[in-house]
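Okay, here's what each chain looks like letter by letter:
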Amino acid sequence: MNDTLLLALPFAIPVLAGAIVLPFLRKNAQALAWVGLLTVVATVIATFLGPIKLETPEATTSWLGLFNISLALWDKQMFFLGFIFLFQILNSIYLLRHITRIPRPYLFMVFSLVAFGGACGVILAQNLLVMLIGWQMFLIALYALVLSGGDGTEPVAMKTLILGGASDFLMILGMLIYEHVASGELDISAHSHIATGSSFAAFTAFVLMFLGAGAKAGMWPFQTWIPEAAEAMPTPGFASLPASLSKILGVYFLFRICNDLFALSTAAKMVMFVFAIITIFAAIIPALVERNFKRVLAFITISSTGFMVAGLATSTVVGMIGALMFLLTHATYMAAMFYSAGNLEQAANGSTLEAIEGRKDILPYTVLGFLLALTAAVALLPTGGFLARQSLFDGLFESHNYFVFFFVWVGAIFNVAVVLKLAAVILAGWKSKNKADLGWTYVLPVIVLGIAALMGGFILDMNRDVLHRLLGANSDVIRDAWSLNKVSFVASFGVWVFGAALFFALRNPKGPEWSTFHFLRESKVLGRGYELAEEKTFDAYEVGLKVIHWIANQVFWHFERLMDRVADWCIRAGRNISRPALSSVHTGVYSNYLAWVITGLALVSALVLLR
Amino acid sequence: MDYLSHVMWIIAIPLLGSLLIPVLGWIGGKKYTGWLAVALIATAHILTWGLIHQGLTGEPVSDPTFITFMDSWKGCAIHFGLNIDALAVFMSFTASLIATLIAIYSLSYIEHEEHEPEYYFIVTLFVGAMMGLVFSTSLIFIYLFWEISALACWRLIGYFREPEYIWKADKAFLLTFAGAVLMLLGFGLVFAQYGSFDLVGPDSLAGKPIGAVALALIMAGIFSKSATVPLHTWLPDAGVAPSTITSLLHAAILVKIGLYGFARMFLNGMVIPQSYWVWILGFAMASAFISACAALMETNIKRLLAYSTVSQIGYTFLGLAAVSKWGYIGAILYIMAHGLAKGGLFLCAGIIEHGTHTKDMTKMGGLIKKMPITAIVYVTCALSIAGLPPLAGFFAKDFVITGLFEGHHPLVGTMAILTAILTLLYMLKSFHVIFLGQSRGEAHHEGSPVMVGVVVVLAVLTLAAGLGLQFPWNLAHKANEQREALVPKTIQISTQP
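As the structure is a prediction and not an experimental result, all values here were calculated from the model.

Quick notes on the rules
Residues numbered from 1 in each chain as written. Chains lettered and ligands numbered in written order. Predicted model: local features only at pLDDT ≥ 70, side-chain atom pairs only at ≥ 80, totals over all residues. Heavy atoms only, no water. Helix = DSSP H or I, 4+ residues; strand = E, 2+ residues; numbered from the N terminus. Buried < 20%, exposed > 50% of the residue type's maximum accessible area, 1.4 Å probe, protein only. Contact = heavy atoms within 4.5 Å. Areas by Shrake-Rupley, 256 points an atom, 1.4 Å probe, with all protein chains shown as cover. Axes fitted to C-alpha atoms, helices over the stretch in contact; angles between N-to-C directions. Parallel < 35°, antiparallel > 145°, perpendicular 65-115°, else oblique. Nonpolar A, V, L, I, M, F, W, Y, C, P; charged D, E, K, R; others polar. Domains from an automatic or database assignment. Buried area = accessible area lost by both parts, 1.4 Å probe. Salt bridge = Lys/Arg side-chain N within 4 Å of Asp/Glu carboxyl O. Polar contact = N/O pair within 3.5 Å; in protein donor to acceptor, adjacent residues only side chain to side chain. 1 Å grid on protein atoms, 1.4 Å probe; cavity = no way out; pocket = protein on both sides within 12 Å on 5 of 7 lines; lining within 4 Å. Points joined across faces, edges and corners; volume = space filled by probe spheres on them. Patch = residues over 30% accessible without salt bridge, like charges linked within 9 Å, V, L, I, M, F, W, Y side chains within 5 Å. Phe/Tyr/Trp six-rings, centres within 6.5 Å; stacked < 30°, edge-to-face > 60°. Lys NZ or Arg CZ within 6 Å of the ring centre and 35° of its normal. Expected span 1.5 Å × (residues − 1).

*Asks:* Teacher, can you tell me more about the overall build of chain A here?
*Replies:* Assigned secondary structure in chain A consists of 25 helices and four strands. Classification of the 611 residues of chain A by burial places 62% in the buried group. A fraction of 80% describes how many contacts in chain A between residues 6 or more apart in sequence connect residues 24 or more apart. Carbon and sulfur atoms make up 67% of the accessible area of chain A, which amounts to about 22,700 Å² in all.

*Asks:* Quick question: what am I supposed to make of the packing of helix α6 (residues 128–147) of chain A against helix α7 (residues 154–181) of chain A here?
*Replies:* A pair of packed helices is captured by two measures, namely the crossing angle of their axes and the spacing between those axes. Residue and element names in this part refer to chain A. At their nearest, the axes of α6 and α7 sit 8 Å apart, and the two run at 170° to each other. Between α6 and α7, the angle falls in the class roughly antiparallel. Split by residue class, the contact of α6 with α7 holds 17 nonpolar, four polar and two charged.

*Asks:* Help me understand the domain arrangement of chain B, please; the structure alone is not making it clear to me.
*Replies:* Many analyses report the size of an interface as the accessible area lost when the parts associate. All names here are of chain B. Entries for chain B in the domain assignment read domain 1 (1–272) and domain 2 (274–497). Summarising the inter-unit geometry, the C-alpha centres of domain 1 and domain 2 are found 21 Å apart. Every contact between the two is made by 63 residues of domain 1 and, on the other side, 57 residues of domain 2. Summed over both partners, the interface of domain 1 with domain 2 buries about 5,100 Å², with 76% contributed by carbon and sulfur atoms. Of all residues in domain 1, the largest losses of buried area upon contact with domain 2 belong to F90, Y105 and L267, amounting jointly to 15% of the total for that side. Counting across the domain 1 and domain 2 interface gives one salt bridge. Summed over the shared surface of domain 1 and domain 2, the result is 10 residue pairs in polar contact (both at pLDDT 80 or more). Among the elements of the structure, α3 (33–57), α4 (86–109), α8 (212–225), α9 (234–237), α10 (243–252) and α11 (254–267) are those that each provide at least two residues to the side of domain 1 that touches domain 2. No other element matches the 15 residues that α4 contributes to the side of domain 1 that touches domain 2.

*Asks:* What is the right way to read the interface of chain B and chain A from this model?
*Replies:* With 71 residues of chain B in contact, the opposing surface of chain A contributes 54 residues. Considering only the surface of chain B that becomes buried against chain A, W167, M297 and L425 of chain B emerge as the three largest contributors, covering 10% of it. Here chain B and chain A share three salt bridges between them. The tally of links between chain B and chain A comes to eight residue pairs in polar contact (both at pLDDT 80 or more). Here the element with the most residues in the side of chain B that touches chain A is helix α17 (residues 410–435) of chain B; it accounts for 11 residues. Considering only residue class, the side of chain B that touches chain A consists of 47 nonpolar, 13 polar and 11 charged.

*Asks:* Looking at this structure, I do not really get the pattern of salt bridges. What am I missing?
*Replies:* Pairs can form between side chains of opposite charge whenever their charged atoms are close. Residue and element names in this part refer to chain B. Here the structure, examined in full by the defined rule, presents 22 salt bridges over all chains. D85 is the salt-bridge partner of R264, the closest N and O atoms lying 2.8 Å from each other. Of the two residues, R264 sits in helix α11 while D85 sits in the loop between β2 (76–84) and α4, which places them 179 residues apart along the sequence. D85 carries the same exposure label as R264, and that label is buried.

*Asks:* Even after reading the chapter, I still don't get the layout of surface pockets, so can you show me in this structure?
*Replies:* Think of a ball as big as a water molecule: rolled over the atoms, this probe shows where empty space is left. Residues and elements named next belong to chain A. Here the second largest pocket is characterised by a volume of approximately 650 Å³. Lining of the second largest pocket is provided by 24 residues; of these, A282, P286, F299, A533 and F538 occupy positions nearest its centre. Mapped onto the lining of the second largest pocket, the elements with two or more residues apiece are α9 (225–232), α11 (266–289), α12 (293–313) and α23 (524–534). At six residues, α11 tops the list of elements feeding residues into the lining of the second largest pocket. Looking at the lining of the second largest pocket residue by residue, the classes come out as 14 nonpolar, three polar and seven charged.

*Asks:* Got a minute to help me understand a nonpolar patch on the surface in this structure?
*Replies:* Residue and element names in this part refer to chain A. On the surface, L16, I20, V21 and F24 cluster together into a nonpolar patch covering about 430 Å² of accessible area. Relative to the helices and strands, L16 is located in helix α2 (residues 9–21). Given a relative accessible area of 49%, L16 falls into the partly exposed group.

*Asks:* Help me understand the packing of aromatic side chains, please; the structure alone is not making it clear to me.
*Replies:* One pass over the full model with this rule turns up 47 aromatic pairs over all chains. Relative to F407 of chain A, the ring of F281 of chain A lies with its centre 6.3 Å away and its plane at 85°, an arrangement referred to as edge-to-face. Residue F281 of chain A is located in helix α11, and its partner F407 of chain A is located in helix α17 (residues 402–428); the two are separated by 126 residues in the primary sequence. With relative accessibility at 27%, the residue F407 of chain A sits in the partly exposed group. Among the aromatic residues, those joined into a ring-pair cluster are Y178, F206, F210, W220, F262 and F275 of chain A. Over the aromatic face of W167 of chain B sits the side chain of R572 of chain A, whose NZ or CZ is 4.1 Å from the ring centroid.

*Asks:* Which parts of the structure should I look at to understand the environment of L9 of chain A?
*Replies:* Within the element layout of this structure, L9 of chain A appears in helix α2. For the pair L9 of chain A and A46 of chain A, spaced 37 residues apart in sequence, the C-alpha separation works out to 7.1 Å.

*Asks:* Quick question: what am I supposed to make of helix α16 (residues 392–406) of chain B here?
*Replies:* A turn of α-helix holds 3.6 residues, and therefore any two residues three or four places apart point the same way. Residues and elements named next belong to chain B. The terminal C-alpha atoms of α16, which comprises 15 residues, lie 21 Å apart, in line with the 21 Å expected from a rise of 1.5 Å per residue. Of all the 15 residues making up α16, 14 are buried; the element is thus mostly covered by neighbouring parts of the structure. Immediately downstream of α16, the backbone of H408 shows phi near 60°, a positive value.

*Asks:* Please explain unusual backbone geometry as it appears in this structure.
*Replies:* Residues other than glycine predominantly adopt negative phi, and peptide bonds predominantly adopt the trans conformation. Residue and element names in this part refer to chain A. W220 connects to P221 through a cis peptide bond whose omega is 5°. For P221, the position within the fold is in the loop between α8 (200–217) and α9. Phi angles above zero are rare outside glycine, and A379 is one such case at about 65°. Within the secondary structure layout, A379 lies in the loop between α15 (364–377) and α16 (384–398). Assessed through its relative accessible area of 2%, A379 is described here as buried. The phi dihedral of H400 is positive, around 60°, even though this residue is not glycine. Mapped onto the fold, H400 is located in the loop between α16 and α17. Judged by its relative accessible area of 56%, H400 is exposed.

*Asks:* Which parts of the structure should I look at to understand empty space enclosed by the protein?
*Replies:* All names here are of chain A. Under the criterion given, the structure shown has seven cavities of 30 Å³ or more. The space that makes up the largest cavity amounts to roughly 110 Å³. Taken together, 13 residues form the lining of the largest cavity, with L139, L142, A215, K216 and W225 sitting closest to its centre. Going through the elements one at a time, α6, α7 and α8 are the ones with two or more residues in the lining of the largest cavity. Among the residues making up the lining of the largest cavity, the classes are represented as eight nonpolar, four polar and one charged. Within this model, the second largest cavity holds a volume of roughly 60 Å³. Lining the second largest cavity are I300, S304, F307, F326, Y333, A377, R389, A412, N415 and V419. Counting only elements with at least two residues in the lining of the second largest cavity, the list comes to α12, α13 (317–348) and α17.

Here it is, written out as structure tokens:
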């Protein structure tokens, strides 16, 4: 088999299964779920039997002479694919029973596989255009998965696709400028390393690509669809896509932009820091008072993007390691938390914090999985979360960005406080007597991911060589990066202490746990801010739509309609003038109409004669 | 049979064969007129397959004096010449394919309407005029076929014969006719300057710079025919015609005639001085943007799709006016991609209108439950127009934008991307309003098997043209090579007014 085709298997198998096999099973939700699981397993097996065994796991096929379909499966791609495979297998197991609870199971399963294929395509791609195609497939799948949540999800689905599509177009624009600046080079592996400070075009290309990739990862101002999707999408859809896969892909591409395509100037770094800090606070402040469990998790996942972007912006090895570890740890614990949220929602018949706190079923294993994930979320030792945060802080110190460090540090404190509030809500339900949990298909993904989150530090440490190759840095540098730095350790310790202190200080010991921080809603400044946020005043999508509609309205009424009126006036005037002549010709006999053509010919003849 | 005779059949079968349709109607075979029309148009399409090998591999075949009407009279000659190159093969193949599918759809759609033979007669004549125009080498015959198509268009837009519809048909005819008369004057000026109407041949106009006045006059004709701002307003009004007709106008023939005429006359013929290109780019960009804004404001499904056509035609003009390899290839591919997708969308609109008895989108909603296949086709075609992969529209649009950057028009390229975002917005909005959410009207039903079958074929072709881009790409690439050989870029960019 052609090497390129072999390498394309992780992309092709799920997409073909989704398109060809599933339509035959559309009426049988259970069969859909089983075929989904088998497809994922088949993809994993095919990847291990096929492309991974290639002597040189890289292939390029020219397509139309336009660009190369370059795919690669070196260990760094395998490292990310491994994560994707793990998430997909667990997600498929979760779906074995949960599929019957999804309002549109067929739509869900087909596009779940398309998203899986698209994600593999993005990881395997060595060419920006191929990567973009994989990404847009992923986006369309995301849109369909939101719609699979049933009636009422349409506005959220539209928002998802419009924001994703708009960011893709920005990325295309950035890529075109990049291609121009890099003299026609679209191959990521070429390591063009264009200095963003070398020209305005290079800087513009960077900013546009950064925004496009950041949008995928859920960066401000493109993040507003995520909390809404968390509510609208079926739980496994959100857990596997916005909470994990889409973030992995977005930050992976951000990393490649910062590491492989551009050499960042100070201005470029500043842009990244600004977006990072805004992203952290634009998410974590509403998370404090949010009353829907899934939306709180969505806000946490958004704010984590800010931490990752900050790490990448340091342009130091340690900062980038921090960002990548943050990404992988975050994807793991967030997926675990989302599955837990799905289970709790099912037990409580609702996803509000009140409902979950007052539920009758304890769900011991689900809660255990959540708590395991929580250890990584609050970055306790020896989780990957700890290593990630430690590296991130080190990176900020090493690059002398103390001001940025302060904001990131404060953001981390708020994060810990919010996660502790969720833990308190869940544990409050412990008082009830029914100790039953949901079936094993629901529990297994939570527990496995919870353990993976807890063990993340060890897993990442075992893959140090991969990180070394990813960053092109010496593995000693990486080892040094993970050695305990006193300042950053104190800073990390401070996050735990202040985070916990914030939570306990502001907690109402006599009231329900969900009401923690709710006094903020009553405050004059923040309260008004929350009101405006709920009215979507700060929502870039809503604001953008209003602006676009205003422009469209002006253009339509003041230009387009005006032109139509002028055209109508001219035609009416012409008709009135020519009516007598026309009415004699307009008899309904075809031959008369042919006279028009002959008139034209006569005019030409006249011109010929005149010549 | 040589290629030139082959092409004569492609033109003659629909053009002359159309005359048989009213005859068949008069002798009592009214119900067979549709089948005859389908047979004539499909035969023309099948014959275009025989040209593909030549289009892909050979040099252009042309005979500017295939039929001589007037030879050496006062130093002038009028010939009907034929030219077979990759561009002509591409256009004839695409237009006849879409027209064939529309004719098949009409069998079910139009069967209960009055004046069926007349409908099929004019549709077939319309296709014949398109085929004639595509292969003509002489400006005079381009004009002749141009006007036949205008007459056909006028009659078809006013098909339902209500006073309002006739007014809109008159509007379309008068606007395009006025443009065509100006274009004819432009041809006259060109003839006065160079003494030839031929675009190929030893004394042809190829590579000769055109003057500003002649260019402006000819462009008026092209813009009016291709419904480019500010001469576009007839196209949204033409939505009063049956959906098959609007589909034919938007997807297969009418507006594409303007684009083809521009590509034939100015990218494979006369040379536009460099400083004038910016004006053409400006008009194209304004057309793409203004009509995208209008589409966003529309609630009438056919008017929305019509504004979308104006916008996408502007896009195609941008590709052509970029005067770059990717721009040209992108524009040609976009003619096909837009044709397939817009054909599908209008025919879906026909099914929706049949099922709901309204064009007002605000009275629809939730149709996906009653019309699932139509819904899937609609969203597939809409996403292709919006430029999402792996559909055909993505590649074509991407090439056009790349061409704009390649042609050193970054600002226009940026505007084109912003317009693409608007396109995504209004296309998605229309899908949501029509097919998703709560039903806001009476009970609906899916279209007839023939109608649904045709739209499914169009959606599949939209997908296939993206996944199997190789075939259209090869033709478009060859067309670009032939263009560059005929009118080298050095001439195009160095010619000054």
